[in-house]
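Summary of structural features
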Amino acid sequence: MPFRTALSGLNASSAELRVIGNNVANASTTGFKESRAEFADIFASSNLGVTSNAIGSGVRVSSVSQQFTQGNIGFTDNNLDLAISGQGFLIMNDNGVNAYTRAGAMSVDRDGYVVNSQGQRLTVFSADNNGTITGATGDLQLDRSDIAPVATTRVDMSANLNAAAAVPGGLTGSSTLSLTGTLLDEDDSPVLNIAISDVVDSWGQDYPGATLSFAYSGDGTNNLWDITFNDGVNPAVTVAGVDVGTDNEAVFSWDPDGLGSMNATDLTLDIAGLSPVLNGGGVTDLASADSNGSTQAAFDPTDASTYNNSTSVTVYDSLGASHLSTMYFRKTGIPNQWEVYSYLDGVAQGGAQTVQFDSSGNITSGGQVTVGPASVNTGAADLTFTVDFTRTTQYGSGFNVNAMDQDGFTTGRLSGIDISDTGVITSRFTNGQSRTLGQIALANFNNTQGLRQLGDTSWSESFDSGQPLVGTAGSGSLGLIESGALEGSNVDLTEQLVGMITAQRNFQANAQVITTADTVTQTIINIR
């Protein structure tokens, strides 16, 4: 009679309902993987096998296998929560024994270790002091101690200085000469070395030794004079045959550098008010001369008219105290040349640094300035750093600072943790610094269904699963990591409800087999 066969069907249906019930119960469990009941038929067999007309003896549960399909990923407010998009398991250290999980709800324990709700510690590839990921694995521990300050040693600046900017500070190149006195007597010829004040070339260089000289060149009946201008450095320039009393001016073509690299300048001597005297007995009264030139005013950080632009950057001493470093840029009269003045907390640091550009706007010399050593703070070491602005240009556009970086920082406290999609863990500090703490280690298995369940949505390796294949997120077959997210259960409730109905029908059908068999048996018993 088929009692035992039907009974095996009832047991199988009950087992399937238990599996479905467990799936439904864990529909909201983070990282849960649904199970599936698998069945096999039963035949009585001998050493010679099963006869062709053998009737089966029922059914048995051959396996309850978990389905490691991807669950939905939902985002959370905890940056330490981890979800894996793709294959792989998080490795958790459970007192020296590895457990593997997809449930990434993490927190920090009192010792700073990143742990799950069971107190198991997250395993990562460690980083050295330079932030380089090593091959060694260990528990992830967050260091909450303050980060030590580092004094500034270098400032890197990239800017543009306006090539069309005016030269500040009132620089005016000489163009006119005027005399003090009105009489020029033939009897005094030659009148030599009349000092000229304020002779300045177009590049801003003054010539304190500049003089004028007059030599009579006429025949005693006219007023022709040779007038010589001498800047005291270059060869003298003479204008011959000037008719004093008739001519209003004498024009000198002055080449200040004597080499032609500076354009020649016309210096116009005003002689309209000069009266010539023949045989006057020495009544010349020319005492001095003056020019309209003026040199560039001295630099003054409090007077914006003496420089073109300025910019500042905060630097730090060895104790982490901040200081303001300011650089002032001032165009000179020399083409493509600027001066840089450095101040630290309002105190001048040396004199002007000359910076030269070429005709393409690129620096050719003077691209670095050393600031200090400067005494900045009681107990702190003297501050010395180099300002490198070799990337600065001189183009025909407005002044702008493209980049300003310095390598120092003050002390800082841990303010947050960032985790990349490849599992690199970076700590952020209140001073703007960051440190690489490690990289999350993931494991995969050749046969994930061979893993042994431990409960708490975690598994351990077994002989059937094979050894763990450990790597980093995004490498090989391993998936990527979502920080601030959790993977939900992969249970499909609709599918489970349909399975539940099917299991119920199977149970009822097997129960009906028992009822039918009982009726048949009763009929046989009642035969007389």
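The numbers attached to residues start from 1 for each chain and follow its sequence in the written order. In view of the model being predicted, local features appear only for residues whose pLDDT reaches at least 70, and side-chain atom pairs are presented and counted only at 80 or more, with totals across whole chains, interfaces and linings using the full set of residues. Derived side-chain values reflect all non-hydrogen atoms in the structure, with water molecules and hydrogen atoms excluded from consideration.

We now examine the sheet that holds strand 29 (residues 383-388). The sheet built from four strands is open, its strands ordered 28-29-11-30 with mixed pairing. Each edge of the sheet is formed by a strand with only one pairing partner; in this case those strands are strand 28 (368-374) and strand 30 (400-406). On average, each strand axis in the sheet is tilted by 15° relative to the strand beside it, whichever way the strands run. By definition, two strands form a pair when at least two bridges between them are found by DSSP. The helix count covers DSSP runs of H or I at least four residues long, the strand count covers runs of E at least two residues long, and both are numbered beginning at the N terminus. Working convention: axes come from line fits to C-alpha atoms, limited for helices to the stretch in contact. Angles between N-to-C directions cover 0 to 180 degrees.

Side chains of nonpolar character tend, in soluble globular proteins, to be buried together. As used in this record, nonpolar core signifies buried Ala, Val, Leu, Ile, Met, Phe, Trp, Tyr and Cys residues forming a set joined through side-chain atoms within 4.5 Å. Only protein chains enter the accessibility calculation, which uses a 1.4 Å probe; a residue is then buried when its area is under 20% of its type maximum, exposed when over 50%, and partly exposed in between. Counting residues in each nonpolar core, the largest one holds 28 residues, and the members touching the most others are Leu179, Leu212, Phe214, Phe229, Phe252 and Leu269. For this core, the secondary structure elements donating two or more residues are strand 12 (176-180), strand 14 (191-197), strand 15 (211-216), strand 16 (224-230), strand 17 (237-243), strand 18 (249-254) and strand 19 (265-270).

Closest axis-to-axis distance for the helix 1 (residues 3-25)/helix 2 (residues 493-525) pair is 9 Å, and the angle between their directions is 160°. With respect to helix 2, the element helix 1 is oriented roughly antiparallel. Like other packed secondary-structure pairs, helix 1 and helix 2 cross with a definite hand, here left-handed. The labels follow the angle: roughly parallel below 35 degrees, roughly antiparallel above 145, roughly perpendicular from 65 to 115, and oblique for the rest. We call a crossing left-handed when the near helix sits turned anticlockwise from the far one by less than a right angle, and right-handed when that turn is clockwise.

On to the environment of Ile481, then. By secondary structure assignment, the location of Ile481 is in strand 37 (residues 480-483). C-alpha of Ile481 to C-alpha of Gly88: the two residues are 393 residues apart in sequence and 9.9 Å apart in space. Residue contacts are counted whenever heavy atoms from the two residues lie within 4.5 Å of one another. Those residues in contact with Ile481 that sit more than four places away from it in its chain are Leu82, Ala83, Ile419, Ser420, Asp421, Gly423, Ile440, Leu442 and Ala473.

In this section: the pattern of salt bridges. Note on definitions: salt bridges are taken to be side-chain nitrogens of Lys or Arg within 4 Å of carboxyl oxygens of Asp or Glu. All told, the structure shown has eight salt bridges when counted by the stated rule. Arg154 is the salt-bridge partner of Asp156, the closest N and O atoms lying 3.1 Å from each other. Of the charged contacts in the structure, one is a salt bridge between Asp418 and Arg428, with a shortest N-O distance of 2.7 Å. Here the residue Asp418 occupies a position in strand 31 (residues 414-419), and Arg428 occupies one in strand 32 (residues 424-429), the gap between them amounting to 10 residues.

This part covers the packing of aromatic side chains. Any pair of Phe, Tyr and Trp rings, taking the six-membered ring for Trp, is counted once the centres come within 6.5 Å. Such a pair is stacked with planes under 30 degrees apart, edge-to-face with planes over 60 apart, and tilted for the rest. Evaluation of the coordinates by the stated rule reveals 17 aromatic pairs. Seen in terms of ring centroids, Tyr207 and Trp254 are 5.2 Å apart; in terms of plane orientation they differ by 80°. Their pairing is edge-to-face. Placement of Tyr207 in the loop between strand 14 and strand 15 and of Trp254 in strand 18 is noted, with a sequence separation of 47 residues between them. Note on accessibility: Tyr207 and Trp254 belong to one class, buried. Feature note: the residues Phe68, Phe89, Tyr100, Phe445 and Trp459 constitute an aromatic cluster, connected by ring pairs. Whether a charge lies above a ring is judged from NZ of Lys or CZ of Arg, which has to be within 6 Å of the ring centre and within 35 degrees of the ring normal. The cationic tip of Arg121 hangs over the ring face of Tyr113; the distance from NZ or CZ to the ring centre is 3.6 Å.

Right, let's talk about the environment of Gly181 for a bit. Relative to the helices and strands, Gly181 is located in the loop between strand 12 and strand 13 (183-185). Spatially, the C-alpha atoms of Gly181 and Asp285 are 5.2 Å apart, while their sequence positions differ by 104 residues. Setting aside residues no more than four positions away along its own chain, Gly181 makes contact with Asp285 and Leu286.

Quick look at unusual backbone geometry now. Most of the time, phi is negative for any residue but glycine, and the peptide bond is trans. That bond from Ser189 to Pro190 is cis: its omega, -5°, falls within 30 degrees of zero. Considering the arrangement of structural elements, one finds Pro190 in the loop between strand 13 and strand 14. The omega torsion across Gly372 and Pro373 is 5°, close enough to zero to call that bond cis. Note on placement: Pro373 falls in strand 28. Positive phi values are uncommon outside glycine, yet Asn193 reaches one of about 55°. By relative accessible area, which is 55% here, Asn193 ends up exposed.

Read these as spatial facts, not as claims about activity.
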